[in-house]
Structure formats: C-alpha cells, structure tokens
Amino acid sequence: MNVRLLYKEGVLTAKVNGEVDHHSAAEIRESIDETSQKLKPYCLKIDFSEVPFMDSSGIGLILGRVKLYKLWKGHVVVSGLTGSLNKMVELSGIGSVAVIEKEVG
Amino acid sequence: MLKPVNKAEINFPSNSVNEGFARAVVSSFLAQLDPTVADLTDIKTAVSEAVTNAVVHGYRDTIGTVYITIKIFENGRAVVRVRDRGCGIPDIKQAMEPLFTTGGDERAGLGFAVMQSFCDGVKVSSKEGRGTSVTLTKFFAKKE
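Residues numbered from 1 in each chain as written. Chains lettered and ligands numbered in written order. Predicted model: local features only at pLDDT ≥ 70, side-chain atom pairs only at ≥ 80, totals over all residues. Heavy atoms only, no water.

Enquirer: Any chance you could break down the interface of chain B and chain A for me, citing the residues and the numbers?
Expert: Between chain B and chain A, the contact holds 24 residues from the first and 22 residues from the second. Buried area between chain B and chain A, summed over both chains or domains, comes out near 1900 Å², and the portion from carbon and sulfur atoms is 55%. Of all residues in chain B, Arg23, Glu106 and Leu110 of chain B bury the most surface against chain A, accounting for 29% of the area lost on that side. Taken together, the connections running from chain B to chain A amount to four salt bridges. Its salt-bridge partner being Arg23 of chain B, residue Asp21 of chain A comes within 2.9 Å of it at the nearest N-O pair. For the pair chain B and chain A, the interface holds nine residue pairs in polar contact (both at pLDDT 80 or more). Among the elements of the structure, helix 1 (18–30), helix 2 (37–58) and helix 4 (111–118) of chain B are those that each provide at least two residues to the side of chain B that touches chain A. Take the side of chain B that touches chain A: its biggest share by element is nine residues, from helix 2 of chain B. Residue composition of the side of chain B that touches chain A, by class: eight nonpolar, eight polar and eight charged. (Contact = heavy atoms within 4.5 Å. Buried area = accessible area lost by both parts, 1.4 Å probe. Salt bridge = Lys/Arg side-chain N within 4 Å of Asp/Glu carboxyl O. Polar contact = N/O pair within 3.5 Å; in protein donor to acceptor, adjacent residues only side chain to side chain. Helix = DSSP H or I, 4+ residues; strand = E, 2+ residues; numbered from the N terminus. Nonpolar A, V, L, I, M, F, W, Y, C, P; charged D, E, K, R; others polar.)

See the structure below:
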C-alpha cells in the first residue's frame, strides 16, 4: 500500500509513500476517497514527505481531492514537499485551491 | 547531421505499471553524463509525462507499444524521443495549452507545460490515427 491513513478529530491525514505517477495515483486516490466519503472529515492533509518523485499526476490527485472535499465544504492541506515536488506544485498554481504547508527549518 | 556518442532504445506495452520502468531506464542511461540530481529529476519528470500521455491518450482504449529512443550527443546534450502508434492528437496547439485535458477529472492538464518547463526543448509531431512523437531535449551541465 502506498498510502497510510490516520483520522483524528475531523482531520484525515494521508501519508503517501513512494513515487507518485499516473499508475500509483489510482490506488492512492481510491484509498483516500473510500475513507473520506465514509467520515467526511473537514480537512484532508496529504503528506508528501516520503515521496521522492512525483509527476503531474500528483497535481491531479490533489485537485481531485479538493473537488471531492468541496462537496461537504472541507478543505485540503498539502505538506512535506521537497525540492522537485515544490517545483511541480509551483508550476501548477495548485496553491490557489489547496493550502500548501511550508516546511519549517 | 550530428552523430550521437551513445544511444539506447526500449519498447514496452502501454501498461501504466511501465511508466516507472520507462523513467528509471532513461535516468540510468543518462547517469553516464554525470548529471546533477536536479537535472536528472527534471528529465525523469518530463519522460513520465510523455509516457503517461501515450498510455492515457495515445492508446486510450487499447494497449499498444511505446517506443523510447535515448541519444547522447557531445557537450552533454540528451535527446529522448517517446513515440506511440496510437490515436494521434487532432489539435497539437490546443493539447499543449496548460490545463487543457481530455483525461477527465483526475488529470491536471499539465503534461506539456511540465515537459516545457523541465526540459530545454519539446517538439511534438502527431497524425490522427497514426500516432504521436514527443522529442525532449535537455542540456546537462557537468557537476561542479
């Protein structure tokens, strides 16, 4: 499994593992959506700190969850972005619909 | 016409599981240029986008063969061509516009924008019903 889910007080944290591309995004999406639709958390936090590589499928993954969480007025936070993932996120402009949490220190 | 100093060719069926294989092959072949991690990640990302296009769009409802040619020239120039014999792109200009996608809700429509931003050159040629060829060029500076 390339995603671990943790639910606490209305926040669902999805810790993604490994490379994110069109192939792996499908499984990650299904897993997040199944739990999200059951619990309808007000916030989804996607943690990319264990993702060494991501192509634009990762942006599609974030965008799709933003749309899903809008259904119950929830929101999406993205965290743990390192070097090349930052470049992708900045290029995409996804920061206008999701909260990008910058690493401290 | 300049001759490449080294060259590799691979082809594989358009199963999505091969997307990771494709970018791993390209990145290990280009390792001989002694590239920086950032440059190598850039070309890996661009290749991943091009191969995903072939899988998702070129061979939309079928499985076909994806062909990749990697060429290394003098002065650290690398050219990677990703080709499919799929459905082709009717309007290349429109397909290359950021956020344009026919891939549905889960696709960001960023493939070509990423290729352009992560490479030094992107050339697309396509013929409806015949397939698409994407040529990525990147210059690799030697590590300091």
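Next comes the rest of the description.
Enquirer: Break down the sheet that holds strand 5 (residues 99–100) of chain A for me, with residues and values.
Expert: Residues and elements named next belong to chain A. Here five strands make up an open sheet; going across it, the order is 1-2-3-4-5 and the pairing mixed. One side of each edge strand has no neighbouring strand; the edge strands of this open sheet are strand 1 (3–8) and strand 5. In terms of strand pairing, strand 1 meets strand 2 (residues 11–17) through six bridges, oriented antiparallel. When the bridges of strand 2 are listed, Tyr7 appears paired with Leu12. Lying over the sheet, helix 1 (residues 22–39) contacts strand 1, strand 2 and strand 3 (43–50), oriented at roughly 15° with respect to strand 1. (Pairing = 2+ DSSP bridges. Axes fitted to C-alpha atoms, helices over the stretch in contact; angles between N-to-C directions.)

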